[in-house]
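If you want the building blocks of each chain, they are given just below.
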Amino acid sequence: MNTRRLLLSALVAVSLAGCGGPRAFTRGTYEDPNTIEMLGDRFNENDLQLIAKKMAESLASSPRFAQATPQGQPLPIVLVGKLRNSTSEHIDMRSLGDKIQTALAQTGRFALVDQQARQDIAEEYEYQQSGYVNPNAAKAPGQQASVDFLMTGDLASIIQEVGRDKLVYYKMTAKLNDVRTGTIAWTDEKQIRKKFEKQGVSW
């Protein structure tokens, strides 16, 4: 009897150790990044894609930019500037800005200037003027394109939670500012509303 009891205790201990042991995510597979799948109630890559797509399509089809630029004339030059995060979440706004910039470039209606690259180029000018580079081939400041429009934006959220239900609302407002006049050449917003139900999580 004692032997059977000891054996049973050993089996239970092994079983518990297996359940409580370290876990890891293994055997991963590639997924379509455009597939909408929500595993949590936070801002995710699907929200980012929806915002970027809406802003690029809206701007490209707006009355001021709907007509293709005549051949031989320069495209309007846009700089995607500071996008503010007014939510309570930590959101990578630089990734959102990069996504909007890429979507705008893909429309073929705009020439883009990258804000971070400007700083890197300024450092490169200093290096090329330091004497390490052939003076006849060195690039110097003074020839960069002037930005026509500066895009700014703000991402806000409202969260409602009652009982087991939770509603998350995001609103991204973007504005295209005419650098010459300071006026707003275009503005639009993208609204995202998601509903979640609290459930138990099993391991």
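Residues numbered from 1 in each chain as written. Predicted model: local features only at pLDDT ≥ 70, side-chain atom pairs only at ≥ 80, totals over all residues. Heavy atoms only, no water.

## Considerations on the pattern of salt bridges
Point 1. Under the defined criterion, the tally for this structure stands at seven salt bridges.
Point 2. Between E89 and R42 there is a salt bridge, and its shortest N-O distance comes to 3.7 Å. Taken together, the residues E89 in the loop between strand 1 (77-85) and helix 3 (93-107) and R42 in the loop between helix 1 (2-20) and helix 2 (45-60) connect sequence positions 47 residues apart.
Point 3. E89 gets classed as buried once you look at its relative accessible area, which sits at 6%.
Point 4. Among the residues examined, R42 registers a relative accessible area of 47% and is labelled partly exposed.
Point 5. For D188, the salt bridge goes to K54, with nearest N and O atoms at 3.9 Å. Taken together, the positions of D188 in strand 5 (residues 184-197) and K54 in helix 2 put the pair 134 residues apart, joining distant regions of the chain.
Point 6. Note on D188: relative accessible area 22%, which makes it partly exposed. (Salt bridge = Lys/Arg side-chain N within 4 Å of Asp/Glu carboxyl O. Helix = DSSP H or I, 4+ residues; strand = E, 2+ residues; numbered from the N terminus. Buried < 20%, exposed > 50% of the residue type's maximum accessible area, 1.4 Å probe, protein only.)

## What about helix 2?
Point 1. For helix 2, with 16 residues, the first-to-last C-alpha span of 23 Å sits near the 22 Å given by 1.5 Å per residue.
Point 2. What helix 2 keeps buried is the set N46, D47, L48, Q49, I51, A52, M55, A56, S58, L59 and A60.
Point 3. Buried-residue contacts for helix 2 involve helix 3, strand 3 (149-162), strand 4 (165-178) and strand 5.
Point 4. Where helix 2 begins, one side-chain oxygen reaches toward the backbone nitrogen of N46, 2.9 Å away; that side chain belongs to N44. (Expected span 1.5 Å × (residues − 1). Contact = heavy atoms within 4.5 Å. Polar contact = N/O pair within 3.5 Å; in protein donor to acceptor, adjacent residues only side chain to side chain.)

## Structural notes on the pairing of strand 4
Point 1. The pairing of strand 3 with strand 4 spans 14 bridges and is antiparallel. From the neighbouring strand, I158 faces strand 4, where its bridge partner is Y169.
Point 2. Turn length for the strand 3-strand 4 hairpin, with the two strands adjacent in sequence and antiparallel, is two residues, and the turn residue G163 shows positive phi of about 60°. (Pairing = 2+ DSSP bridges.)

## Describing the packing of helix 2 against helix 3
Point 1. Running from N to C, helix 2 and helix 3 cross one another at 40°; their axes reach a closest spacing of 8 Å. It follows from the interaxial angle that helix 2 and helix 3 lie oblique. Considering the relative orientation of helix 2 and helix 3, their crossing is right-handed. On helix 3, the residues that touch L48, Q49, I51, A52, A56, L59 and A60 of helix 2 are S95, L96, K99, I100, A103, L104 and T107. (Axes fitted to C-alpha atoms, helices over the stretch in contact; angles between N-to-C directions. Parallel < 35°, antiparallel > 145°, perpendicular 65-115°, else oblique. Left-handed = near helix turned anticlockwise from the far one by under 90°.)

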